[in-house]
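Single-letter residue listing:
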Amino acid sequence: MKTIKLLIFAFLFTGIISCKDDQKLSDAYAEPAVSTYYFIRHAEKIRSNSEDIDPELSQKGLGRAMHWAEILNDVELDAIYSTDFERTTMTAAPTSVKQEITVQYYDPSNIDIEQFKMDNLGKNILIVGHSNSTPDFVNEMLGENKYAAMDDYDNGSLFIVQVTGKNISVNRLHFNCNCPD
């Protein structure tokens, strides 16, 4: 009887260990999470008052903001981040409404890049910034100084950063907007 119990125990123990080994093997071959970040600068702002540090979008800017929502329509976004300025929040608004996502605010001078990557692992993220903060944020994601500040009238650049495990790729696209002034 002891021999039968010992055999049953050995059989069960071997089965448990083999399940754990199979799990480790499947984890080793699992696809790494793919995180995709879409970086844009705010759309065209009102420039009539040079002393206004927080202007709203111009008519053309409102059109471009809606254009961004159309461009990103087929991307299932998980989160939208924006700086806390009128022009950035107004740029993010059409996409936010269309995809039913609440905009989260960030401070570009206070980003923990590794934490940001961890918080957004495996997600599709839109980040709306400025002519200086957008390329800086992209550079931080890449871990290299690849992009300089954007031209002050460049409101059509889209940086797509994709992180897959330890591999990072970036593409910069430019979209014209034939939006009325």
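Structure first, text after, so check above.
None of the values given here were measured: they were computed from a predicted structure.

Q: I'm lost on the overall build of the chain in this one. Help?
A: For the chain, the helix and strand inventory stands at 5 helices and 6 strands. Expressed as a percentage of the 181 residues in the chain, the buried residues total 40%. When the accessible surface of the chain is split by element, carbon and sulfur atoms take 53% of a total near 11300 Å².

Q: Can you help me understand the state of the cysteines in this one?
A: By definition, a disulfide links the sulfur atoms of two cysteines through a covalent bond. Counted according to the given criterion, the structure contains 1 disulfide. Paired through a disulfide, C177 and C179 show a sulfur-sulfur distance of 1.7 Å. Among the residues examined, C177 registers a relative accessible area of 7% and is labelled buried.

Q: What am I meant to see in the nonpolar core here?
A: One recurring pattern in soluble globular proteins is that nonpolar side chains are buried together. Within the largest apolar cluster, 19 residues are counted, with the highest numbers of intra-cluster contacts made by Y37, F39, I127 and M141. Of all the secondary structure elements, the ones that give two or more residues to this core are strand 1 (34-41), strand 2 (79-82), helix 4 (113-119), strand 4 (124-129), helix 5 (133-142) and strand 5 (157-164). By residue number, the principal contributor to this core is helix 5, which donates 4 residues. If we skip the residues at most four places from it in the chain, M141 touches Y37, F39, I113, F116, K117, V161, V163 and I168.

Q: Is there a simple way to think about the side chain of T95 in this case?
A: With respect to the element layout, T95 can be found in helix 3 (residues 86-99). For T95, the contacting residues outside a window of four places in its chain are W68, A69, L72, L77, I80 and L126.

Q: It is not clear to me how the sheet that holds strand 2 should be interpreted in this structure. Could you clarify?
A: The strands making up a sheet associate through hydrogen bonds between their backbones, and the pairing can be parallel or antiparallel. Ordered in space as 3-2-4-1-5-6, the 6 strands form an open sheet in which the pairing is mixed. Strand pairing shows two members of the sheet lacking a second neighbour, strand 3 (103-105) and strand 6 (167-174), which therefore form its edges. Averaged over all pairs of adjacent strands, the angle between their axes in this sheet comes to 20 degrees, without regard to strand direction. Both strand 1 and strand 5 contribute to a ladder of 7 bridges, which runs antiparallel. Along strand 5, the bridge assignment pairs V34 with T164. The strands that helix 3 touches are strand 1, strand 2, strand 3 and strand 4; relative to strand 2, the one it contacts most, it runs at about 165 degrees. Sheet contacts for helix 5: strand 1, strand 4, strand 5 and strand 6; angle to strand 1, the most-contacted strand, approximately 160 degrees.

Q: Would you explain the packing of helix 2 (residues 59-71) against helix 3 in this entry?
A: Between helix 2 and helix 3, the least distance of the axes is 8 Å, while the angle of their chain directions is 35 degrees. Helix 2 and helix 3 meet at a crossing whose hand is right-handed. Across from L62, A65, M66, W68, A69 and E70 in helix 2, the residues of helix 3 making contact are M90, T91, P94, T95 and K98.

Cut-offs used in this document
Residues numbered from 1 in each chain as written. Predicted model: local features only at pLDDT ≥ 70, side-chain atom pairs only at ≥ 80, totals over all residues. Heavy atoms only, no water. Helix = DSSP H or I, 4+ residues; strand = E, 2+ residues; numbered from the N terminus. Buried < 20%, exposed > 50% of the residue type's maximum accessible area, 1.4 Å probe, protein only. Areas by Shrake-Rupley, 256 points an atom, 1.4 Å probe, with all protein chains shown as cover. Disulfide = S-S within 2.5 Å. Core = buried A, V, L, I, M, F, W, Y, C linked by side-chain atoms within 4.5 Å. Contact = heavy atoms within 4.5 Å. Pairing = 2+ DSSP bridges. Axes fitted to C-alpha atoms, helices over the stretch in contact; angles between N-to-C directions. Left-handed = near helix turned anticlockwise from the far one by under 90°.

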